[in-house]
Amino acid sequence: MDRDVRLAGWVFRRRDHGGLIFVDLRDVTGIVQIVFSPEIAPDAHASAHDIKQEYVIRVEGKVSRRPEGTENTNIPTGEIEVYATKLDVLNTCKPLPFQLEEDEEPNESLRLKYRYLDMRRPQVQKIFTERSRALQVLRSYLVSQGFFEIETPFLTKSTPEGARDFIVPSRLNLGQFYALPQSPQLFKQILMVAGFNRYFQLVRCFRDEDLRADRQPEFTQLDLEMSFVDVDDVIALSEGVTKELVEALRGDRLETPFVRMDYDEAMERYGTDKPDLRFDLPMVELTDTFTNTGFGVFKKIVGEGGAIKAIVLKGRTLSRKDLDDAVDSAKGMGSGGLIWMRKEADKLASPIVKFLSEQETTGIIERLGVQEGDILFIMADSRARVNELMGRFRLYLGAKYDLIQKDQFRFLWVVNFPLLEYSEEEKRYVARHHPFTSGMHSIIGYSGDYDTIKAKAYDLVLNGVEIGGGSIRNFRSDEQMAMFQLLKISDEQAVEQFGFLLEALEMGAPPHGGIAFGFDRMLMMLMNLESIRDVIPFPKTQKGTCLLSGAPARVSQKQLNELKIRTVKE
Ligand code: ASP
């Protein structure tokens, strides 16, 4: 108390109370109340009349305890105020396009155009000070675990992460282009060959995709790679990283290890490779109950090798309208139909029950363990479609009947992914993760069923969202070439695109594997924010534009001439 201080910042609020003028002075560390009194400092008081919102001022004065009854318990400095003795107005501010001190969110386009004003709002400042802290927490944890932070190029060659590349023309090599990295995948593997056995980078990645709420064309990954490791090592390290981050940002203790689930189980029970485990409601297989059924719809599906699956909703009373809504929502998702049944005292009630044999209804009751009042939803279609549609219908039920425990953070590893998946579009098998992922077993000379090869790949899922993914890699060039063969990539193509990697793999490459986490997405979820734009300092709009700088923009004719680029009108 009574200390002389000199403070500088922005005028957040100004209140003129007859004799005294109060100013809430704000900087990134918080807010403090300044009092201008005509008795104590007549000059400062006189100039304080003219200061307006967001003026930049410097004040000299004395700290004093606020008079009893005027304390503000909402802010850390609420018990004190500073009696100004001197005021310097360092800069003025034009009228604002939106108010900074209101709780209500300004329009998003305005927020992005005037991002620097938006960022002055205390709630937004908090997000970016937390982001800064998160970066430091990750760095110091990884360094403590023996990791080296090493940068990789942005002007590089295409890396196949499955999205479109952003390309940059080369002036010194006309007609040739760099690609901005979709991830540092190949370089981090090269760093393992170079002997840096634990690498990390908090790195920008670029993917030219259509944008959704949780996607941005440039985003930050926490990217890791480790030598002499297998799946369990990468998973254990990743759990350590996640625990550090969650505990730093949320202050809650996080239990590890996380649950692991096989990809097949995730698909069969939840219809997705990223199940939201904040509620259970699994799908249960009923196909074998109907092997000899006389019910036409089921008979057809069973005959075609399809699947019949059920979800049971317990302890809810559903009206006829609720049931119709459920059927409509399933149809809206593209399902041919959804059957509902209600368990009554000793039977199942449903419009289709009359078509089922006694053995079938008892079979359903026993398999599902249903009790009086439970509602069953059944779908029949090809296995892939039942899984997908029932998976989405499960999420509908979860949201509609408030089954999701929203305050929970449920981490889950999905493991044992297929190595390949068939692409209808390309009419060939493509890598499920990326082509550098190792099979569970050697694939050299493999001629069996492509769908059954499993990969040493793992995804980290949080509340139904994939927040990280990685794999153990092919570290021998013959395995890598075998993978390219499965993908129908010719030797020439492989050498042209990835020759440098293949060559490096022939020069004493150690076994290695890694993972990358979507840093922005993790922050968004851990801070309970709705959009990835909230956690990115200067995000782009859905159309990939930056409202602050006006990018993308035309370039000068001179620049185009230097690159020998001619633009054509659409
Ligand atoms: N490069 C991969 C990705 O960006 C991650 C990895 O396999 O480490 O998804």
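Everything numeric in this text was worked out from a predicted model, so none of it was measured. (Residues numbered from 1 in each chain as written. Predicted model: local features only at pLDDT ≥ 70, side-chain atom pairs only at ≥ 80, totals over all residues. Heavy atoms only, no water.)

Enquirer: A description of the sheet that holds strand β5 (residues 80-91) should follow, citing residues and the corresponding values.
Expert: A barrel is described by the order of its strands in space; here five strands give the closed sequence β1-β2-β3-β5-β4, paired in mixed fashion. On average, each strand axis in the sheet is tilted by 55 degrees relative to the strand beside it, whichever way the strands run. Where strand β4 (residues 56-65) and β5 come together, ten bridges link them in antiparallel fashion. Following the sheet pairing, Val56 is matched in β5 by Asn91. (Pairing = 2+ DSSP bridges. Helix = DSSP H or I, 4+ residues; strand = E, 2+ residues; numbered from the N terminus. Axes fitted to C-alpha atoms, helices over the stretch in contact; angles between N-to-C directions.)

Enquirer: How would you sum up unusual backbone geometry? Please name residues and give values.
Expert: Phi is mostly negative for residues that are not glycine, and the peptide bonds are mostly trans. Cis rather than trans, the peptide bond between Thr256 and Pro257 has omega equal to -5 degrees. Position of Pro257 relative to the elements: it lies in the loop between α6 (231-250) and β11 (259-262). Here the residue pair Ala551 and Pro552 is connected by a cis peptide bond, since its omega of -5 degrees sits within 30 degrees of zero. One non-glycine residue, Phe228, lies in the positive phi region at around 55 degrees. Here Phe228 falls in the exposed class, since its relative accessible area comes to 63%. Of note, Lys488 is a non-glycine position whose phi angle comes to about 60 degrees, a positive value. (Buried < 20%, exposed > 50% of the residue type's maximum accessible area, 1.4 Å probe, protein only.)

Enquirer: Quick rundown of the site of the ligand? Include the residues and the values.
Expert: The local shell around the ligand holds 13 residues, among which Glu161, Gln185, Lys188, His434 and Arg473 are the closest. At 2.7 Å, a side-chain N or O of Gln185 approaches a nitrogen atom of the ligand. Take His434: an N or O atom from its side chain is 2.9 Å from an oxygen atom of the ligand. Coverage of the ligand by the protein chains reaches 89% of its 270 Å² of free accessible surface. (Near = heavy atom within 4 Å. Polar contact = N/O pair within 3.5 Å; in protein donor to acceptor, adjacent residues only side chain to side chain. Areas by Shrake-Rupley, 256 points an atom, 1.4 Å probe, with all protein chains shown as cover.)

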